[in-house]
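Spelled out, the chains give:
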Amino acid sequence: SVVVRYPSKPETLFLLVKGADTSVLPYVEPESRSQLEADLQTFAERGLRTLCLAYRTLTPQEHSTWQAKYRKALALVSDNRSLEVHKLSVELETH
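Let me begin by describing the structure that accompanies this report. Every value quoted in this text rests on a predicted model; they were computed, and no experiment measured them.

In this section: the environment of valine 28. Along the chain, the position of valine 28 falls in the loop between α1 (21-24) and α2 (30-45). Counting along the chain gives 28 residues from valine 28 to arginine 56, while the straight-line C-alpha distance between them is 9.9 Å. Among residues more than four places away in sequence, those in contact with valine 28 are Arg33 and Leu36.

Following this line, the structure appears as structure tokens:
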């Protein structure tokens, strides 16, 4: 996952997530899921491999709060560092 700000929309932050359909589909809005699943099934029947890309917008406050916690986790000097960083990545992707 990555947080980006596009030059064409500098006031908006986007969280981009890529991965296998099984890891991205649970976060797709329900009204879009059935069409996406049908498209993925069609691709699979044709023998095509797929990689899903999803996004959502982040509010400046949401990003600021998360970023402060993330920086704190990166500064940890303990065995828990990688676990804490991972937890925060999952938190951003799933909320």
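Attention shifts here to the side chain of histidine 63. Note that histidine 63 resides in helix α3 (residues 60-74). Its relative accessible area of 13% is what places histidine 63 among the buried residues.

Attention now moves to the pattern of salt bridges. It is possible for side chains of opposite charge to pair when their charged atoms get near one another. Counted by the stated rule, this structure contains three salt bridges. Its salt-bridge partner being glutamate 62, residue arginine 56 comes within 3.0 Å of it at the nearest N-O pair. A relative accessible area of 22% places arginine 56 in the partly exposed class. A salt bridge links lysine 69 to glutamate 91; the shortest N-O distance between them is 2.8 Å. Taken together, the positions of lysine 69 in helix α3 and glutamate 91 in helix α4 (residues 81-94) put the pair 22 residues apart, joining distant regions of the chain. The class of lysine 69 is partly exposed, set by a relative accessible area of 37%.

Our next topic: the sheet that holds strand β1 (residues 2-4). The strand order across the open sheet formed by three strands is β1-β2-β3, and the pairing between neighbours is antiparallel. Whereas interior strands pair on both sides, the edge strands pair on one side only; in this sheet they are β1 and β3 (52-58). The sheet shows a mean angle of 25° between the axes of neighbouring strands, direction not considered. As defined by bridge partners, strand β2 (residues 13-19) adjoins β3 across seven bridges and the pair is classed as antiparallel. Across the sheet, residue leucine 13 finds its bridge partner in β3, namely leucine 58. Along the sheet, α3 contacts β1, β2 and β3; its crossing angle with β3, the most-contacted strand, is approximately 105°. Contacts from α4 reach β1, β2 and β3, with the element oriented near 105° to β2.

So, about the layout of surface pockets. Here the largest pocket is characterised by a volume of approximately 450 Å³. Contributing to the lining of the largest pocket are 18 residues, with Tyr27, Val28, Ala54, Tyr55 and Arg56 lying nearest its centre. Elements that contribute at least two residues to the lining of the largest pocket include exactly β2, α1, β3 and α4. Broken down by element, the residue count for the lining of the largest pocket peaks at five residues, all from β3. Its residues assigned to classes, the lining of the largest pocket comprises ten nonpolar, four polar and four charged.

Thresholds, definitions, all that
- Residues numbered from 1 in each chain as written.
- Predicted model: local features only at pLDDT ≥ 70, side-chain atom pairs only at ≥ 80, totals over all residues.
- Heavy atoms only, no water.
- Helix = DSSP H or I, 4+ residues; strand = E, 2+ residues; numbered from the N terminus.
- Contact = heavy atoms within 4.5 Å.
- Buried < 20%, exposed > 50% of the residue type's maximum accessible area, 1.4 Å probe, protein only.
- Salt bridge = Lys/Arg side-chain N within 4 Å of Asp/Glu carboxyl O.
- Pairing = 2+ DSSP bridges.
- Axes fitted to C-alpha atoms, helices over the stretch in contact; angles between N-to-C directions.
- 1 Å grid on protein atoms, 1.4 Å probe; cavity = no way out; pocket = protein on both sides within 12 Å on 5 of 7 lines; lining within 4 Å.
- Points joined across faces, edges and corners; volume = space filled by probe spheres on them.
- Nonpolar A, V, L, I, M, F, W, Y, C, P; charged D, E, K, R; others polar.

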